[in-house]
Amino acid sequence: MTTTTEWQAESETSPWALCWQAAVGRDFLATPLLAAKIRNRLISALHQRRRELIDFVLLPMEIHAIASIGSDDSVGSVARGIGNVVSRWVRQTQPVRGPVLAGRFWAHPIESEEALRIEVRMLAWRPVVRRVSVTPTYHPHGALRAALGLATSKGFDARPLLLHFGGSVPSARKALRQWVSRRPSEREWRTWELTRGLEPATSAASERRQTTRAFNRASAALIAAAGGSGVDGALDMLEAWVTLRLQAPSMRSARVRRTGLGPRARGLVACLAVDHGLCPATTVARHFQRAKATLSEQMAGCRYRASDRALLATPLRRILDECASLAIKASADRREASNKPR
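These figures come from a predicted structure and were not determined experimentally.

## Thoughts on unusual backbone geometry
Next up, step 1: With phi around 60°, Arg50 is a residue other than glycine that occupies positive phi space.
Next up, step 2: Tracing the sequence through the fold places Arg50 in the loop between helix H2 (32–45) and strand S2 (51–58).
Next up, step 3: Not every positive phi belongs to a glycine, and Lys154 is a case in point at roughly 50°.
Next up, step 4: Following the sequence through the fold, Lys154 ends up in the loop between helix H5 (144–147) and helix H6 (159–162).

And the structure:
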């Protein structure tokens, strides 16, 4: 597998994933002419010196692109230039007051060949997930059909995309079709959407409001692993994992309060949540219905103890795997309990 350093050193350009979202009531595909203009704008803006459009997909509420951009170029300037022009065209087509874009663009570097291929598969299936197409190859407003030879390119050069799947056009098209044939899992979608701020995550239980922001990969993976319960579910999952690793009963039980493991466990959960970018300590304090100052003292104690520092250094993948095992065991215990004669 190509490492990040090797990947970036192979050329003077770096691949980026870009995303723009429409504000409520706006539609990037309101008319065929508008859709064609936005498509052409993407192609022209990213077909310049040391810029290369690899893949893209247009949806009513989203624009996604994969592009290689030179190290001496500004990704922010490129994204803002595209967003400003698109905003003007949408406003001309839909002359109503209010913003066109739902906040600033999202941009993230693609760190490996594998990550780029995964991004291609996610973009291929995005129209299906958003229910604007029945299959990835039916959606007309994207690069996939042209890359597979199912439609004319209309100015889009599919070679940069095909080069990531094979040396010759026939073999690359075959490999690309096979690669996008598998639909991403719900957990993959949840993680992908959260990192881009495309879907909200439920905030702390005391507030119960919906917050939409872009999470980092670690926090998005935690929320996705917790299912549909958002940040609260991720905190509950971390609580279960910490409780298991401390070999303690539930941290809210009377026994925990007597043994003193409750504050320590809450501090560990808060440290993990903050370290992985899941939420600030104030959100954890509300989740456990504790004072922020008290929780901060417990967090400081955890960072001081060597045994707790070792626990906090556990790789996220191991935490997720052990949480998955916990969920499987809990599900099996519930089934066994329900099958017992009463």
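## Side note on the layout of surface pockets
Next up, step 1: The volume enclosed by the largest pocket comes to roughly 890 Å³.
Next up, step 2: Forming the boundary of the largest pocket are 30 residues, of which Ile118, Thr191, Trp192, Thr195 and Arg217 lie nearest the centre.
Next up, step 3: Of all the secondary-structure elements, those providing two or more residues to the lining of the largest pocket are strand S4 (106–109), helix H4 (113–129), helix H8 (186–196), helix H9 (217–225) and helix H16 (316–339).
Next up, step 4: Of the residues that constitute the lining of the largest pocket, the class distribution is 15 nonpolar, six polar and nine charged.

## Re helix H10 (residues 230–245)
Next up, step 1: Taking 1.5 Å per residue as the helical rise, H10 with its 16 residues ought to reach 22 Å, and the 23 Å between its terminal C-alpha atoms agrees with that figure.
Next up, step 2: Counting buried positions along H10 gives twelve out of 16 residues, so the element sits mostly inside the fold.
Next up, step 3: Of all the positions in H10, only Gly230, Val231, Asp232, Gly233, Ala234, Leu235, Met237, Leu238, Glu239, Trp241, Val242 and Thr243 are classed as buried.

## Observations concerning the pattern of salt bridges
Next up, step 1: For the structure on display, the rule yields 15 salt bridges.
Next up, step 2: The partner of Glu12 in a salt bridge is Arg50, with the nearest N and O atoms 3.3 Å apart. One end of the pair, Glu12, is in the loop between helix H1 (4–9) and strand S1 (13–21); the other, Arg50, is in the loop between H2 and S2, and 38 residues separate them in sequence.
Next up, step 3: Note on Glu12: relative accessible area 57%, which makes it exposed.
Next up, step 4: A residue is classified by how much of its surface remains accessible, and Arg50, at 22% relative accessible area, is partly exposed.
Next up, step 5: A salt bridge links Glu119 to Arg196, with the nearest nitrogen and oxygen atoms 2.7 Å apart. Of this pair, Glu119 sits in helix H4 while Arg196 sits in helix H8, and the two are 77 residues apart along the sequence. Residues Glu119 and Arg196 agree in their burial class; the two are buried.
Next up, step 6: Among the charged side chains, a network of salt bridges with common partners joins Glu62, Arg126, Arg130 and Glu193.

## Overview of the environment of Ala30
Next up, step 1: With respect to the helices and strands, Ala30 occurs in the loop between S1 and H2.
Next up, step 2: Between the alpha carbons of Ala30 and Pro60 there is a distance of 7.4 Å; along the sequence they are 30 residues apart.
Next up, step 3: When sequence neighbours within four positions are dropped, the list of residues in contact with Ala30 reads Thr93 and Gln94.

## A short note on helix H14 (residues 292–304)
Next up, step 1: Here H14 is 13 residues long and its end C-alpha atoms lie 18 Å apart, about the 18 Å a rise of 1.5 Å per residue gives.
Next up, step 2: Inspection of H14 places Leu295, Gln298, Met299 and Cys302 among the buried residues, and these make up the whole buried set. Buried residues of H14, seen end-on, are gathered within an arc of 100° and therefore sit on one face of the element. Every exposed residue of H14 that faces more than 90 degrees away from the buried side is listed here: Ala293, Glu297 and Tyr304.

## Considerations on the sheet that holds strand S3 (residues 62–70)
Next up, step 1: Strand order in this open sheet of four strands is S2-S3-S1-S4, and the pairing throughout is antiparallel. Of all the strands in the sheet, just S2 and S4 have a single pairing partner and so form its edges. Shown here is a sheet whose adjacent strand axes are inclined to one another by a mean of 20°, direction ignored.
Next up, step 2: Where S1 lies against S4, four bridges are found, and the strand directions are antiparallel. Opposite Cys19, over in S4, you have Trp106 as the bridge partner.

## Concerning the packing of aromatic side chains
Next up, step 1: What the rule picks out here adds up to two aromatic pairs.
Next up, step 2: Look at Phe56 and Phe156: their rings are 5.4 Å apart centre to centre, the planes differ by 75°, and that puts the pair in the edge-to-face class. On the criterion of sequence distance, the pair formed by Phe56 in strand S2 and Phe156 in the loop between H5 and H6 is long-range, its members being 100 residues apart.
Next up, step 3: Accessibility expressed as a relative area gives 5% for Phe156, which makes it buried.

## As for empty space enclosed by the protein
Next up, step 1: Tallying each qualifying case throughout the model produces one cavity of 30 Å³ or more.
Next up, step 2: The wall of the largest cavity is formed by 13 residues, among which Phe56, Leu123, Ala124, Ala143 and Leu144 lie closest to the centre.
Next up, step 3: Of all the secondary-structure elements, those providing two or more residues to the lining of the largest cavity are S2, H4 and H5.
Next up, step 4: Looking at the lining of the largest cavity, the element that brings in the most residues is H4, giving four residues.
Next up, step 5: Its residues assigned to classes, the lining of the largest cavity shows nine nonpolar, two polar and two charged.

Calculation criteria
Residues numbered from 1 in each chain as written. Predicted model: local features only at pLDDT ≥ 70, side-chain atom pairs only at ≥ 80, totals over all residues. Heavy atoms only, no water. Helix = DSSP H or I, 4+ residues; strand = E, 2+ residues; numbered from the N terminus. 1 Å grid on protein atoms, 1.4 Å probe; cavity = no way out; pocket = protein on both sides within 12 Å on 5 of 7 lines; lining within 4 Å. Points joined across faces, edges and corners; volume = space filled by probe spheres on them. Nonpolar A, V, L, I, M, F, W, Y, C, P; charged D, E, K, R; others polar. Expected span 1.5 Å × (residues − 1). Buried < 20%, exposed > 50% of the residue type's maximum accessible area, 1.4 Å probe, protein only. Salt bridge = Lys/Arg side-chain N within 4 Å of Asp/Glu carboxyl O. Contact = heavy atoms within 4.5 Å. Arc of directions from axis to C-beta. Pairing = 2+ DSSP bridges. Axes fitted to C-alpha atoms, helices over the stretch in contact; angles between N-to-C directions. Phe/Tyr/Trp six-rings, centres within 6.5 Å; stacked < 30°, edge-to-face > 60°.

That is the geometry; function is a separate question.
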